[in-house]
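# Residue-level structural notes
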Amino acid sequence: MFSRPTVVLRNVVVENWLRPNLYSQQKKGYCSLSSASIPSLISKVLGSDSNRLVKSRPYQVESSRQFRYSCVSKNCDSNSIVNRQLWGSIGGVNFSTLLQKSEKMEEKPFQRLPTNVTPVNYDIEITPNFGDFTFKGSQKIDIVIKENTSEITVNSVDLTVKNGVWQDKATGAHVNAAFVEYDAPLETVKFVFQTPLKSGSTGVLSMEFDGSINDKMKGFYRSKFQGPNGEDRYNGVTQFEATDARRCFPCWDEPSVKATFDIGLIVEKDKVALSNMPVKATSPVTGQDNLHLVQFEKTPIMSTYLVALVIGDFDYIETKSTDGVLCRVYTPPGKTEQGRFALDVVARVLPYYKEYFGIAYPLPKIDLVAIADFSAGAMENWGLVTYRETCLLIDEKQSSSSNRQWVALVVGHEAAHMWFGNLVTMEWWTHLWLNEGYATFVEFLCVDYLFPEFDIWTQFVTETFIRALELDCLENSHPIEVPVGHPSEIEEIFDDISYNKGACIIRMLHDYIGDTDFRKGMNLYLNRHQYKNAFTEDLWAALEEASGKPVGAVMGTWTKQMGFPLIRVLASRQEGQNRVIELSQEKFCTDPCKETNGNYHWMIPLTFCSSSNPAQPIYSTLMDKKTMTVTIPNVSENEWIKLNPGTIGFYRVQYPPEILEQYLPAIQQKVLPPVDRLGLLDDVFALVQSGQSGTTNVLKLLDAFKDEDNYTVWSSISNVTSKLNLLLQHTDYHDQFKAYGRKLFSAIEERVGWEAKPDESHLDTMLRSLVLLRMTTFGNEKTIEEAKKRLEQHLTGEKPIIADLRTVVYRGVLSVGDENTYNTILKLYRDSNMQEERDRIGRSLGAIKNPDLLRKVLEFSISSEVRNQDSVFVIIAVGTSKAGREIAWNFFKENKELFRERYPGGGLISRLIKYVTEDFVTEEMATEVEKFFIENSYPGTERTVQQSIESIRLNGSWLKRDENAIRQYLQAVCQ
């Protein structure tokens, strides 16, 4: 954490940096600006828009740990002129990438907690009551007073705080708070004392409080399951990231305010009670023979969002890692064997991370717990990691290969957080990507080490790299580092930018400086900041020190501005034994017709390969200008040169047609590695979507893949054809496109077949599922008939469907099914007690064509038979067809209040909104969606709504632009 003061202007009209004066008096750390000086400052930021923003009232510049700009007032400490962030100063640096969306985002009150006191240790005791879903709590917080103050302000929401007592450690004197003041919008409670507490003193703040065990999957909540006799039972679980520890106990709920925690739980004796640390002691509760107090060891110093409690009915299996850490997986009763795969992964990965990072896992134990109701995939609570059941449990007979791979990735991701996020924590949520981008990158390191047969780094490109590019090309994207304040703003950045783009630029950086220096820098960073907080610049400094390369200068261009570059190959010529290539860079835009700010500029690590050895870079350089001429030595005239071998650089490349054509034989003959084959395809498709190339060009390129045999390449082909299928549903020649798809996939379907080959690879198993599923989507009669046959054999017990083919069978049968088919599949759902099986059935129901049955599916999705966390995905499945999309959208509107109450912010409601709306294609629908969300706000979804509206309009432009050309092409090839 930095001690130098930093400043930010606030005003109501733009986002977090310009807001109304939050304080009525000057306080330490503030510097005043005269009202006369404000217009000129805002003009530098907002240009011609400034006149309507400037109000004739005084402004104030607030000292803030959240935002960092250069100081512009002579009253400020001169040290604050040193600007560690590259967002730019008020005094002249471009703000456009940060401010351009400000008018679209809802303004919410926010300020960080005062720093006049610091917590050292929390001693917390919680008593849950699962009869009325309430809990009682008490805590004693050791505090250091840093400034004379009569107020102590902490975060608290949905809690009733009964009292507050201060005990001075030096004198032993007890002082009751004169009153306790709540501020609901700021989610705080303030203890006000008549006598000021003196700077330098230490003491204990004691309080009691009550709260509810809610059903919203945040804070301290209840998770329902069925007991052995079919009765409803409940487990108590916590989910505190990002800002929900304050729902369980009053606290300094900011990542930079770290402390230690002593936790005690008064629970029924037959319940499992877990927290971050091992149990220290249990003791009886006077007058309550069925209860006992479970006390846990003191935690390391850590942030509040990492505290965790789990209370309920669980079984477990355990082992010890080779470096002595006790590893346990807690499962629903009777399902311990389903935890064995995850247990093996975590026990093997902890020693690997210890060796890779050069620092051992610092806690004595790590528990992995399967939770029935869980909004995210998993949560990295230190020592007590919680998971959605489908992200942790593997049944050897009923789990698919893809889910086994998924569990390995998720376990690896959460284990990586034990170092990145827990040991070293971002100073504020602006730097969330330090947690999530790194953990996403490292999860692939983990799986590649444990399961090299997965070829996981090639899959990284389709599952992570391409997803990040697809979001980041939108006008309504955001930088990796984005100023956030209010909790709903924080929730919005848990997205593909923080996770996937963050991982992509780390992968690019790893390649740029090399593995040895990367590991050396990681060790330096972790050792330097362990048990503390860090900024992005701290990471760059460590990696720069380790590598000697300008890491900070290079990477600042990737984290401080949104988007990514399009590199155009302008010309290529031979000069003797050298190849000379002329390049330019610009921001890639999905809508090039819109004017783009010309100040976008990246420092781009470039690599090149040649046809002599396509898998090995032969030249590398750093592109730091808008245009560049590169001379590559020792390249013969008959060789081709390709940029970005390995598809590692986070950019797209546009080649002239004559150069692109040179790669076709290398694609057909599979001379290019799979990751480069799919990278070329995706770049061409992105240029098609943005209108910089015709759709028929990507259709022609797909012909070069007819003999392709690699799973990950086919995954990319599937992504392309799926998006085209969604678009062309809105045409009168959709059936012709499906015929084209059947033709494209027919040869690979014949090769993979329905039956597994002896000793076939993990990827071939996944390829079979992918290809057969795509053929059912394209309506291939032979595939669907085989699916019907296999379902019948499954129902009679003659031949159970293997897990890898169940989605294929369910979707294939439902796509031509009637109400009897629907009821048959629904019975399979009801008869299963495995969440993975229920999940794949629920997500298959959207394949039904009949509108009345689709409405039944939607009603089923919000019934008590479907968990809240899963109903979103059932609704999304309905919205994948043209008819279903309209039905799902109307259903969302009809149940708007239910969804607002059920999902009070966070990823589930954002995901639902995104996938129910973004595939429309008309301006009328864009306007309707826009109008609806203006009139009906859903906190934490503002950016998602804007992205969906943008996508609808881009779809419409794409279809209008290429509809006739696609029709003519399909008529020619599908005769």
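Everything below is about the structure shown above.
Quick summary incoming for the structure in this document. (Residues numbered from 1 in each chain as written. Predicted model: local features only at pLDDT ≥ 70, side-chain atom pairs only at ≥ 80, totals over all residues. Heavy atoms only, no water.)

## Regarding the overall build of the chain
Scanning the chain for helices and strands turns up 30 helices and 33 strands. Considering the chain as a whole, with its 975 residues, one finds that 61% of them fall into the buried category. Residue pairs at least 24 apart in sequence account for 71% of intrachain contacts in the chain once pairs closer than 6 positions are excluded. Here the chain has roughly 36900 Å² of accessible surface; of this, 48% comes from carbon and sulfur atoms. (Helix = DSSP H or I, 4+ residues; strand = E, 2+ residues; numbered from the N terminus. Buried < 20%, exposed > 50% of the residue type's maximum accessible area, 1.4 Å probe, protein only. Contact = heavy atoms within 4.5 Å. Areas by Shrake-Rupley, 256 points an atom, 1.4 Å probe, with all protein chains shown as cover.)

## Topic: the nonpolar core
One finds Phe249 and Trp419 to be the most contacted residues of the largest nonpolar core, which totals 291 residues. In this structure Trp419 touches Leu350, Tyr353, Lys354, Phe357, Ile359, Ala360, Tyr361, Val424 and Leu526, once residues within four positions along its chain are discounted. (Core = buried A, V, L, I, M, F, W, Y, C linked by side-chain atoms within 4.5 Å.)

## A look at helix 10 (residues 515-529)
Its 15 residues place the ends of helix 10 21 Å apart at the C-alpha level, agreeing with the 21 Å of an ideal helix rising 1.5 Å per residue. Within the span of helix 10, buried status applies to Asp517, Phe518, Gly521, Met522, Tyr525, Leu526 and His529. Buried residues along helix 10 cover an arc of 165° about the axis, so they all sit on one side. Of the surrounding elements, those touching the buried residues of helix 10 are helix 4 (340-357), strand 25 (424-426), helix 6 (432-450), helix 9 (497-513), strand 26 (532-534) and helix 11 (536-547). (Expected span 1.5 Å × (residues − 1). Arc of directions from axis to C-beta.)

## Some details on the sheet that holds strand 31 (residues 627-632)
Spatially, the four strands line up as an open sheet ordered 31-28-27-33, and their pairing is mixed. In this open sheet, the two strands that pair with only one neighbour each are strand 31 and strand 33 (652-654). Going across the sheet, the axis of each strand differs from the next one's by a mean of 30°, ignoring polarity. Here six bridges tie strand 28 (residues 578-587) to strand 31, and the two strands are oriented antiparallel to one another. Residue pairing for strand 31: Leu583 is matched across the bridge by Met628. The sheet strands contacting helix 15 (residues 674-689) are strand 27 (565-575) and strand 33, and the helix crosses strand 33 at an angle near 75°. (Pairing = 2+ DSSP bridges. Axes fitted to C-alpha atoms, helices over the stretch in contact; angles between N-to-C directions.)

## Digging into the packing of aromatic side chains
Taken as a whole and assessed by the stated rule, the structure comprises 58 aromatic pairs. Considering the side-chain rings of Phe357 and Phe420, the 5.2 Å spacing of their centres and the 75° angle between planes classify their relative orientation as edge-to-face. On the criterion of sequence distance, the pair formed by Phe357 in helix 4 and Phe420 in the loop between helix 5 (401-417) and strand 25 is long-range, its members being 63 residues apart. Like Phe357, the residue Phe420 is buried in the burial classification. (Phe/Tyr/Trp six-rings, centres within 6.5 Å; stacked < 30°, edge-to-face > 60°.)

## What about the environment of Ile949?
Note on placement: Ile949 falls in helix 30 (residues 942-973). Given the relative accessible area of 2%, Ile949 is considered buried. Each C-alpha atom of the pair Ile949 and Met925 lies 8.6 Å from the other, and the pair is 24 residues apart in sequence. Those residues in contact with Ile949 that lie beyond four places of it in its chain are Ala926, Val929 and Glu930.

## A closer look at the sheet that holds strand 30 (residues 619-623)
The strand order across the open sheet built from three strands is 30-29-32, with neighbouring strands paired in antiparallel fashion. Pairing within the sheet leaves two strands with one partner each, and these edge strands are strand 30 and strand 32 (641-643). On average, adjacent strands in this sheet sit at an angle of 30° to one another, irrespective of strand direction.

## Considerations on the environment of Leu727
Secondary-structure assignment places Leu727 in helix 17 (residues 711-728). On the basis of relative accessible area, Leu727 is assigned to the buried category, the value being 3%. Along the chain, Leu727 and Trp958 lie 231 residues apart, while their C-alpha atoms are 8.7 Å from each other. Each residue touching Leu727, except ones within four places of it in the same chain, is listed here: Val921, Asn955, Trp958 and Leu959.

## A closer look at the pairing of strand 24 (residues 384-388)
Counting buried positions over the five residues of strand 24 gives five, a clear majority of the element. Both faces of strand 24 are covered, namely the face carrying Leu384, Thr386 and Arg388 and the face carrying Val385 and Tyr387. Pairing of strand 22 (residues 365-371) with strand 24 involves five bridges; the strand directions are parallel. Paired with Leu368 across the two strands is Val385, which belongs to strand 24. Note: strand 23 (residues 378-379) against strand 24, two bridges, orientation antiparallel. Along strand 24, the bridge assignment pairs Met379 with Thr386. What sits between strand 23 and strand 24 in their antiparallel hairpin is a turn of four residues, with Gly383 showing a positive phi close to 85°.

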